[in-house]
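Residue-level structural notes
Chain by chain, the residues:
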Amino acid sequence: MKKEINKTAGNLVSELDAARQRIAGLEKQVDAAKMERTHFESNFRNAMDICPLGIIVIDEYQNQQIEILYANKAILDIYGFSTIEELKTMPREKWVMPDSPASIITKLSSGKSSKLTPGHFELDVLDKSGQPRNIEVKTDIVKWNGATKLIQFYYDVTERKKIEELLHHSQVDRKSVV
């Protein structure tokens, strides 16, 4: 009987050692997965930060406040800011030009920019120095830290609009000559 107890104690020690080794192996796998996730998140953020489209993620509150959760460099460039903090301090009313469509101004100034619904529209904004910018905006819904948020993609079409206007004027001038 004593041998069986010793055998059992020996088996328990062996099983405990094997369990410790399995745990150590699992810990290494978890560490590797965490490292891979960190690299993926870093790569993804780097890609978003250099994207030529302006990307902004906002949270809309019931009290008509908007919190900017993320803004990439292209958004900052559109508005002429160097930091997200500068962008956050800009009053919403200054995000759009006075002659932009009233519905868009109302949506932005009321803090209900889309009521978290996807959409597409054009927007004329003023940058920090007061220069107008023509923007195409695509909005959509995104899960951000597990909650539903609004993501907006800004495409600055200012130069294209200028070229289109010059082309239109040159065609009008050409027709008037002929």
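Here, the structure is the one placed above.
Notes on the structure follow.

Cut-offs applied
As a convention, each chain's residues are numbered from 1 in the sequence order in which they are written. Thresholds applied to this predicted model are a pLDDT of at least 70 for local features of residues and 80 or more for the giving and counting of side-chain atom pairs; totals over whole chains, interfaces and linings are not thresholded and use all residues. Side-chain measures here rest on the full set of heavy atoms in the structure, leaving out hydrogens and waters. Numbering of helices and strands starts at the N terminus; helices are DSSP runs of H or I of at least 4 residues and strands are runs of E of at least 2. Here's how the labels work: a residue is buried when its accessible area is under 20% of the maximum for its type, exposed when over 50%, partly exposed in between, all with a 1.4 Å probe on protein chains only. Here a residue-residue contact requires only that any non-hydrogen atoms of the pair lie within 4.5 Å. Surface accessibility in these figures is a Shrake-Rupley result with a 1.4 Å probe; residues are shielded only by whichever protein chains are displayed. What we call a nonpolar core is a set of buried Ala, Val, Leu, Ile, Met, Phe, Trp, Tyr and Cys residues that are connected through their side-chain atoms within 4.5 Å. Residues adjacent in sequence count toward polar contacts only when both atoms are side-chain atoms; beyond that, a polar contact is any pair of N or O atoms within 3.5 Å, and within protein one must be able to donate a hydrogen and the other to accept it. Cavities and pockets were defined on a 1 Å grid built from protein atoms only: a cavity is a group of points that admits a 1.4 Å probe but offers it no way out, a pocket is an open group of points flanked by protein on both sides within 12 Å along at least five of seven lines, and a lining residue is one with an atom within 4 Å of any such point. Grid points are joined across faces, edges and corners, and a volume is the space filled by probe spheres set on the points. The pairing test for Phe, Tyr and Trp rings, Trp by its six-membered ring, is centres within 6.5 Å, and the orientation test on the planes gives stacked under 30 degrees, edge-to-face over 60, and tilted for anything in between.

Here's the deal with the overall build of the protein
- When its secondary structure is counted, the protein shows five helices and five strands.
- N-terminal to C-terminal, the α/β element order of the protein is α-β-β-α-α-α-β-β-β-α.
- Across the 178 residues of the protein, 27% fall into the buried class.
- Partitioning the contacts of the protein with sequence separation of at least 6, the portion at a separation of at least 24 is 42%.
- For the protein, the accessible surface area stands at approximately 12600 Å², while carbon and sulfur atoms represent 57% of it.

A closer look at the nonpolar core
- In terms of nonpolar packing, the biggest core is built from 20 residues, with Ile56, Ile68, Ala71, Ile75, Tyr79, Leu87 and Tyr154 touching the most fellow members.
- Of all elements in the fold, only strand 1 (54–60), strand 2 (66–71), helix 2 (73–79), helix 3 (84–89), strand 3 (119–126), strand 4 (132–144) and strand 5 (147–156) reach the threshold of two or more residues within this core.
- The element that contributes the greatest number of residues to this core is helix 2, accounting for four residues.
- Residues contacting Ile75, with those up to four places away along its chain left out, are Gly54, Ile55, Ile56, Leu87 and Tyr154.

So, the side chain of Lys149
- Turning to its location among the elements, Lys149 is positioned in strand 5.
- A polar side-chain atom of Lys149 sits 3.1 Å from a polar atom in the side chain of Asp59.

Some points on the layout of surface pockets
- For the largest pocket, the calculated volume is near 390 Å³.
- Residue lining of the largest pocket: Arg37, Phe40, Glu41, Phe44, Arg45, Met48, Val142, Lys143, Trp144, Asn145 and Ile151, and that is the complete set.
- Of all the secondary structure elements, the ones that give two or more residues to the lining of the largest pocket are helix 1 (2–50) and strand 4.
- Of the residues forming the lining of the largest pocket, the biggest block, six residues, is contributed by helix 1.

Regarding the packing of aromatic side chains
- All told, the structure shown has three aromatic pairs when counted by the stated rule.
- Relative to Trp144, the ring of Tyr70 lies with its centre 6.1 Å away and its plane at 40°, an arrangement referred to as tilted. Remark: Trp144 occurs in strand 4 and Tyr70 occurs in strand 2; sequence separation between them is 74 residues.

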